[in-house]
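# Close look at the chain arrangement
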Amino acid sequence: MPIVKIDYAPEKFEDEAIQKLCEFIRPALAEIVALPLEDVVVYANKNQITAGAYPLEIYVYGGPGVVADAAAVQKALDALKEKLVAYKAEQGIAIPFNVTIAKMEWKVAIEI
């Protein structure tokens, strides 16, 4: 189950724009990693204090089933970047942002 966290500067992005971005990223990532939509979750948080941060940072965390090795991480990053470049052009977003994909080794207990 990949988890996407978006940290953004509220003075640069309206909540509505971030909501649209969340709604775009979720199915895009599900397609990229070949998982059902319900297995992808997205959280977005306004930055309260930053120093040297980009106005928007996207972090994708996935276990070995999502990103098995370095090649899979790079493949997913390239595919997500391509989709985000097109999305930014469609939405008229000129502000640059970063995307990070990290492989995580975790165990999860759900619906306890």
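Below or above, wherever it landed, is the structure these notes cover. As the structure is a computational prediction, the values presented were derived from the model and not from experiment.

Quick notes on the rules
- Chains are numbered independently. Their residues run from 1 in the order of the written sequence.
- Only residues with pLDDT of at least 70 get local features here, since the model is predicted, and only at 80 or more are side-chain atom pairs given and counted; chain-wide, interface and lining totals rely on the full set of residues.
- To get the side-chain values, all heavy atoms of the structure are used, and hydrogens and water are removed first.
- Strands are runs of DSSP state E lasting at least two residues, helices are runs of H or I lasting at least four, and both sets are numbered from the N terminus onward.
- A simple rule labels every residue: compare its accessible area, found with a 1.4 Å probe on the protein chains alone, to the largest value its type can have, and call it buried under 20%, exposed over 50%, or partly exposed in between.
- Any two residues having at least one pair of non-hydrogen atoms within 4.5 Å are treated as being in contact.
- Residue exposure ignores everything except the shown protein chains as possible cover, and the areas themselves are Shrake-Rupley values with a 1.4 Å probe.
- We score Asp and Glu as negative and Lys and Arg as positive, and we do not count His or the chain ends.
- Lysine's charge is taken at NZ, arginine's at CZ, aspartate's at CG and glutamate's at CD.
- Here, strands pair whenever DSSP counts at least two bridges between them.
- Axes here mean lines fitted to C-alpha atoms, for a helix over just the part in contact, with angles spanning 0 to 180 degrees between N-to-C directions.

Check the secondary structure of the protein chain and you find 2 helices and 4 strands. Listing every helix and strand of the protein chain by position from the N terminus yields β-α-β-β-α-β. The 112 residues of the protein chain split such that 29% are buried. Counted over contacts in the protein chain with a minimum sequence separation of 6, partners at least 24 positions apart contribute 82%. Surface accessibility of the protein chain: about 7,100 Å² in total, with carbon and sulfur atoms responsible for 53%. Averaging the coordinates of the 11 positive side-chain charges in the protein chain and doing the same for the 16 negative ones gives two points 3 Å apart.

So, about the sheet that holds strand 1 (residues 3-8). Reading across the sheet, the 4 strands line up as 2-1-3-4 and stay open at both edges, with mixed pairing between neighbours. In the strand order of this sheet, the two ends are held by strand 2 (41-46) and strand 4 (98-103), each with one partner. Averaged over all pairs of adjacent strands, the angle between their axes in this sheet comes to 15 degrees, without regard to strand direction. Sheet topology places strand 1 next to strand 3 (residues 56-62); 6 bridges connect them, and they run antiparallel. In the sheet register, Ile 3 faces strand 3, and the bridge partner there is Tyr 61. Taken strand by strand, helix 2 (residues 70-91) contacts strand 3 and strand 4, and its axis lies near 155 degrees from that of strand 4.

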